[in-house]
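Spelled out from the first residue to the last, the chains are:
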Amino acid sequence: MNTCFKNGEILKDTAGNVLHAHGGCILQANDVFYWYGENRTGNRYVSVYKSTDLVNWEFVRDALTTEGKTAEHRVKTDLRLLNEDGGKINIERPKVIYNKKTGKYVMWMHVENGKDYRLAACGIATADTPDGEFTYHGCFNPFGYMSRDCTLFVDDDETAYFISSSRDNADMHIYRLTDDYMNTECLISKLWQGEYREAPALVKHQNRYYMLTSYCTGWAPNQCKYAVADKIDGKWSTLCNIGDETTYRTQPAFLLKLTGEKEQTFYFSDRWNAKDYNDSRYVVLPLEFDRNGAPVLNYTDEVRF
Ligand code: GAL
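All chains use their own residue numbering, which begins from 1 and follows the written sequence. Per-residue local features of the predicted model are confined to residues with pLDDT of at least 70, and side-chain atom pairs are confined, for both listing and counting, to 80 or more; whole-chain, interface and lining totals are unaffected and use all residues. Side-chain numbers come from the whole structure's heavy atoms, not from hydrogens or water.

A. Looking closely at the overall build of the chain. Each helix corresponds to a stretch of at least 4 residues labelled H or I by DSSP, and each strand to a stretch of at least 2 residues labelled E; elements are numbered beginning at the N terminus. Looking only at helices and strands, the chain has 0 helices and 23 strands in total. What the globule rule says is 2.2 Å times the number of residues to the power 0.38, and the radius of gyration is computed from C-alpha atoms. A globule of 305 residues ought to have a C-alpha radius of gyration of about 19 Å, and the chain, at 18 Å, matches this closely. In terms of overall dimensions, the chain has a C-alpha envelope of 50 × 45 × 40 Å along the principal axes. Classification of residues uses two cut-offs on accessible area relative to the type maximum, computed with a 1.4 Å probe and protein chains only: under 20% is buried, over 50% is exposed, and between them is partly exposed. Relative to its 305 residues, the chain shows a buried fraction of 55%. Contacts are assigned to residue pairs with any non-hydrogen atoms lying within 4.5 Å of each other. Residue pairs in contact within the chain that sit at least 24 positions apart in sequence constitute 47% of those at least 6 positions apart. Looking at the chain as shown, the accessible area adds up to about 13,500 Å², and 44% of this sits on carbon and sulfur atoms. Per-residue accessibility takes into account occlusion by the displayed protein chains alone, with areas from the Shrake-Rupley method and a 1.4 Å probe.

The structure is reproduced here in structure tokens:
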């Protein structure tokens, strides 16, 4: 049993295998945390692990593979889980949210064709249970826009938003989703034109919205910045530095807010290994807020939840 999360070390699941959930997200269902993320080994795209303490992770299943089930949901989505040469496509930054109205677990992700990075599409998949196999509903360009690094955010009123880098990563878009979370309903903001932000991660803290993003330097780490808004579809602040100049050699994956006795937010990030992607590591840090509401990210070797 692990007693704490050790940053930057090889993380193994409870069966002793290396945990592959890169660029991912954690979904809480009752008292269980499900960690979904990229797994590029073999025929896999997305794997899911579960935990009750956020430290010991049991492998649940591969949620999406090259042999995944597919089902059309809307017209003109590309349903292929392999490219025309029979090779793997790229599935990046999968995020999963639960839709209370439909009872479905809905995954959004970044999809490329496995050959070049020109597709810049978002894909969706659904499952009936958090530990189920996901059915892929294909990929598309929201309102025709390019869509790369992405995240999902569900507000207190259950309205969900999809946030993704567009125009060759120059701009960050926020889309409001339809009630079933299966499509973008409307593009509500184009943020920070020409700033090239990616790896978006959002959290709501004391009624304000905080978005963390990285700059665009491929697998190499860079300075993370945050912005704040009083309304998600309102005016966002300019970008301010957070963490050190390489964000402690990490890039944001997602922000996890724990509620309960004490509300606490954690920054989950990837420490990519550009030479050996499968040896990429994880770094988890507490995200604190100073008395003016500015988020603060300090480095620590290990984290207890
Ligand atoms: C990063 C991005 C990753 C992946 C990588 C590929 O900047 O955040 O998700 O797309 O580039 O080079």
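Next comes the rest of the account.
B. Molecular detail of the pattern of salt bridges. By convention in these notes, a salt bridge is any Lys or Arg side-chain nitrogen within 4 Å of a carboxyl oxygen on Asp or Glu. Tallied over the entire structure, the rule returns 22 salt bridges. For E112, the salt bridge goes to R148, with nearest N and O atoms at 3.4 Å. Of this pair, E112 sits in strand β8 (residues 104–112) while R148 sits in the loop between β10 (135–140) and β11 (150–154), and the two are 36 residues apart along the sequence. We classify E112 as buried; its relative accessible area is 0%. Through salt bridges with shared partners, one network takes in E112, R118, R148 and D168.

C. The pairing of β11, seen in detail. Here β11 lies mainly inside the structure; 4 of its 5 residues are buried. Taken together, the 5 bridges between β11 and strand β12 (residues 160–166) define a ladder with antiparallel strand orientation. Note on β12: the bridge partner recorded for T151 is I163. Connecting the antiparallel pair β11 and β12 is a turn made up of 5 residues, with E158 showing a positive phi of about 75°. Two strands qualify as a pair provided that DSSP identifies no fewer than 2 bridges between them.

D. Summary view of the sheet that holds strand β6 (residues 69–70). Strand order in this open sheet of 5 strands is β6-β10-β9-β8-β7, and the pairing throughout is mixed. Unpaired on one side and paired on the other, β6 and β7 (90–99) mark the two borders of the sheet. Here β6 runs beside β10; their pairing, made up of 2 bridges, is parallel. When the sheet's bridge partners are listed, K69 is paired in β10 with T135.

E. Geometry of the sheet that holds strand β2 (residues 22–29). Across the sheet, which stays open at both edges, the 4 strands sit in the order β2-β3-β4-β5 with antiparallel pairing between neighbours. Pairing within the sheet leaves two strands with one partner each, and these edge strands are β2 and β5 (58–65). Neighbour-to-neighbour, the strand axes of this sheet turn through a mean angle of 25°, independent of strand direction. In this description, a line fitted to the C-alpha atoms serves as the axis of each element, helices being fitted only across the stretch in contact, and the angle between N-to-C directions of two axes falls anywhere from 0 to 180 degrees.

F. Seen up close, the nonpolar core. Grouped together as the largest cluster of nonpolar side chains are 43 residues, with contacts concentrated most on I26, W35, Y36 and F134. With sequence-adjacent residues up to four places away left out, Y36 is seen in contact with A21, G24, C25, L27, V46, S47, V48, P94, V96, P130 and F134. Y210, I242, Y248 and A294 belong to the second-largest nonpolar core, a separate cluster that totals 17 residues. Grouping buried Ala, Val, Leu, Ile, Met, Phe, Trp, Tyr and Cys residues that are joined through side-chain atoms within 4.5 Å yields what is termed a nonpolar core.

G. Local environment of the site of the ligand. Note on terminology: near, applied to a residue and a molecule or strand, indicates that one of the residue's heavy atoms is within 4 Å of it. Near the ligand the following residues occur: E92, R93, Y117, D149, E198, G218, W219 and Q251. Polar contacts, as counted here, are pairs of nitrogen or oxygen atoms within 3.5 Å of one another; within protein the pair requires one atom able to donate a hydrogen and one able to accept it, and residues that are adjacent in sequence qualify only if both atoms are side-chain atoms. Take E92: an N or O atom from its side chain is 2.6 Å from an oxygen atom of the ligand. Separating an oxygen atom of the ligand from a side-chain N or O atom of R93 is a distance of 2.9 Å. Protein coverage of the free-state accessible area of the ligand, which is 310 Å², stands at 88%. In this structure the site holding the ligand corresponds to the second largest pocket. Here a cavity denotes grid points, spaced 1 Å and computed from the protein atoms alone, that fit a 1.4 Å probe unable to get out, and a pocket denotes an open set having protein on both sides within 12 Å along at least 5 of 7 lines; residues with an atom within 4 Å of a point are the lining. In this scheme, a molecule is assigned to a cavity or pocket if more than half of its atoms are within 2 Å of the grid points.

H. Here's a closer look at the packing of aromatic side chains. Aromatic pairs are defined between Phe, Tyr and Trp rings, using the six-membered ring for Trp, whenever the two ring centres lie within 6.5 Å; interplanar angles under 30 degrees are classed as stacked, those over 60 as edge-to-face, and all others as tilted. In the structure shown here, the tally under the stated rule is 22 aromatic pairs. On the numbers, 6.5 Å between centres and 40° between planes, the contact of F5 with W35 is tilted. Highlighted residues: F5 in strand β1 (residues 5–6) and W35 in strand β3 (residues 32–38), separated in sequence by 30 residues. Judged by relative accessible area, which is 1%, W35 ranks as buried. Here the aromatic cluster, defined as three or more aromatic residues joined through ring pairs, consists of F5, W35, W57, F254, F266, F268, Y282 and F305. R40 extends its terminal NZ or CZ atom over the ring of Y277, reaching a point 4.0 Å from the ring centre. When the ring centre of F140 is taken as origin, the NZ or CZ atom of R74, which lies over that ring, is 4.1 Å away. By definition, being over a ring means that NZ of Lys or CZ of Arg is both within 6 Å of the ring centre and within 35 degrees of the ring normal.

I. Representation of the layout of surface pockets. Here the largest pocket defines a volume of roughly 1,000 Å³. Around the largest pocket sit 31 residues that line it, and I26, Q28, I97, V154 and K257 are the ones nearest its centre. Residues are grouped as follows: Ala, Val, Leu, Ile, Met, Phe, Trp, Tyr, Cys and Pro are nonpolar; Asp, Glu, Lys and Arg are charged; all remaining types, including Gly, are polar. Of the residues belonging to the lining of the largest pocket, the class tally is 17 nonpolar, 7 polar and 7 charged. Estimates place the volume of the second largest pocket at around 240 Å³. Lining the second largest pocket we find 13 residues, and of these E92, Y117, D149, E198 and G218 sit closest to its centre. Of the residues assigned to the lining of the second largest pocket, the class counts are 3 nonpolar, 4 polar and 6 charged. Grid points are joined across faces, edges and corners, and a volume is the space filled by probe spheres set on the points.

J. Looking closely at the environment of M146. Within the secondary structure, M146 is located in the loop between β10 and β11. In this view, M146 contacts R118, A120, N141, S165, S166, R167 and D168; residues no more than four positions away in its chain are not counted.

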